[in-house]
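# Topology and contacts: notes
Residue-level listing of the chains:
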Amino acid sequence: MFFILSKLLYVFILPLTWVFALLAYAIFAKNHKIKQRVLVSAFIIFWFFGNQFTANAIANMWDVGPYKPSAKTYSTVIVLGGFVSEGKDGKGYFNGAADRWKTATTLIAKGTAKHILFSGGNADLNPDGFSEATFVGEELRKLNIADSLILLDGKARNTLENTANAKILLQKANLKPPYLLVTSAYHMRRARHIFEKSGLDVVAYPCDYTTNGVIMPTNFVPGEEAFGKCNLYIKEMIGYIVTCLK
């Protein structure tokens, strides 16, 4: 139930939801001054959350910094799902977050970690038989990574379940901490907090950064990409606050 509610309530925290709500209110408002103030508020929210300058500023503030190089060898690299999508043909493919996959497999190839644990099932509200873990397992075997070095969790639908299921797999395999934790930079702050709160000793290895530091005049023009990025970070911030309060 909590999983479903979190998906539905997410819509109500998005900036565009508030913009449309304010516009709707302005249509029916009879007081001219109130109508004017509401329209100005809607415009400010639309511009503020719709430009790349704001989105990049939020990202730079929130993203966890890069992993500092170390000669240490880890027993396991834990990589979280979200980088595999289901196509219309029912088969999986790597999506825009595929840097998680590239980072984790590179760590295995270099010997930085000996085992790889992937956690991710199907986060759809009405899931079919598709599972990220099944696809990832097949891709790992294509890289000639032995089954004995692979741990798969195909049931997790969110970060809380990622953590709980990963903990069980690690304990069963008797793999010692600390573990490298690979996920997108925007997601790392919340993921690391949840893992550490559960008692798992993890070292953050963020990837998939969304900013390049270049400021252009077009960065101040509202666009779909900026709204998407702001939505992503708002979701993470609220999720982080909720996990801290639990």
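To be clear, the structure that these remarks concern was listed above.
Let me begin by describing the structure that accompanies this report. (Residues numbered from 1 in each chain as written. Predicted model: local features only at pLDDT ≥ 70, side-chain atom pairs only at ≥ 80, totals over all residues. Heavy atoms only, no water.)

## Concerning the side chain of Asp 63
Stated precisely, the cut-off is as follows: Helix and strand definitions follow DSSP, with helices as H or I runs of at least four residues and strands as E runs of at least two, each counted in order from the N terminus. Burial classes: relative accessible area under 20% of the type maximum marks a residue as buried, over 50% as exposed, and values in between as partly exposed (1.4 Å probe, protein chains only). Working convention for charge: Lys and Arg count positive, Asp and Glu count negative, and His plus the chain ends are omitted. Between Lys or Arg on one side and Asp or Glu on the other, a salt bridge is scored when a side-chain nitrogen of the former is within 4 Å of a carboxyl oxygen of the latter. A 3.5 Å cut-off defines polar contacts: any pair of N or O atoms within that distance qualifies, except that in protein one atom must be a possible hydrogen donor and the other a possible acceptor, and neighbouring residues in sequence count only when both atoms are side-chain atoms. We call two residues in contact whenever any of their non-hydrogen atoms come within 4.5 Å of each other.
Checked against the element boundaries, Asp 63 lands in the loop between helix 4 (52–62) and strand 1 (74–80). As a buried residue without a salt bridge, Asp 63 has its nearest oppositely charged side chain in Arg 189, at a separation of 7.3 Å. For Asp 63, the side chain forms a polar contact with the main-chain nitrogen of Tyr 186, separated by 3.5 Å. Residue contacts for Asp 63: discarding those within four places in its chain leaves Ala 185, Tyr 186, Arg 189, Tyr 209, Thr 210 and Tyr 233.

## Here's the deal with unusual backbone geometry
Following Pro 177, the chain continues into Pro 178 via a peptide bond in cis, with omega recorded as 0°. Backbone geometry at Asn 174 places phi at a positive 55°, although glycine is not the residue there. Summarising the element assignment, Asn 174 is placed in the loop between helix 7 (159–173) and strand 6 (179–184). Positive phi is not limited to glycine here, since Asp 208 has a value of about 60°. Tracing the chain through its elements places Asp 208 in the loop between strand 7 (202–207) and helix 9 (224–245).

## Here we look at the packing of aromatic side chains
For any two aromatic rings, the description comes down to two numbers: the centre-to-centre distance and the angle of the planes. Test applied: Two aromatic rings from Phe, Tyr or Trp, using only the six-membered ring of Trp, form a pair when their centres are within 6.5 Å; if the ring planes differ by under 30 degrees the pair is stacked, by over 60 it is edge-to-face, and anything between is tilted.
Throughout the structure, instances matching the rule amount to 11 aromatic pairs. Geometrically, the ring pair formed by Trp 62 and Tyr 240 is edge-to-face, given 5.6 Å between the ring centres and 85° between the ring planes. Separated by 178 residues along the polypeptide, Trp 62 in helix 4 and Tyr 240 in helix 9 bring together distant segments of the chain. Under the relative-accessibility criterion, Trp 62 is labelled buried at 10%. Here the aromatic rings of Tyr 186 and Tyr 233 are separated by 6.1 Å at their centres, their planes lie at 65°, and the arrangement is edge-to-face. On the criterion of sequence distance, the pair formed by Tyr 186 in helix 8 (residues 185–197) and Tyr 233 in helix 9 is long-range, its members being 47 residues apart. Through a chain of ring-to-ring contacts, the aromatic side chains of Phe 83, Phe 94, Trp 101, Phe 118 and Phe 135 assemble into a single cluster.

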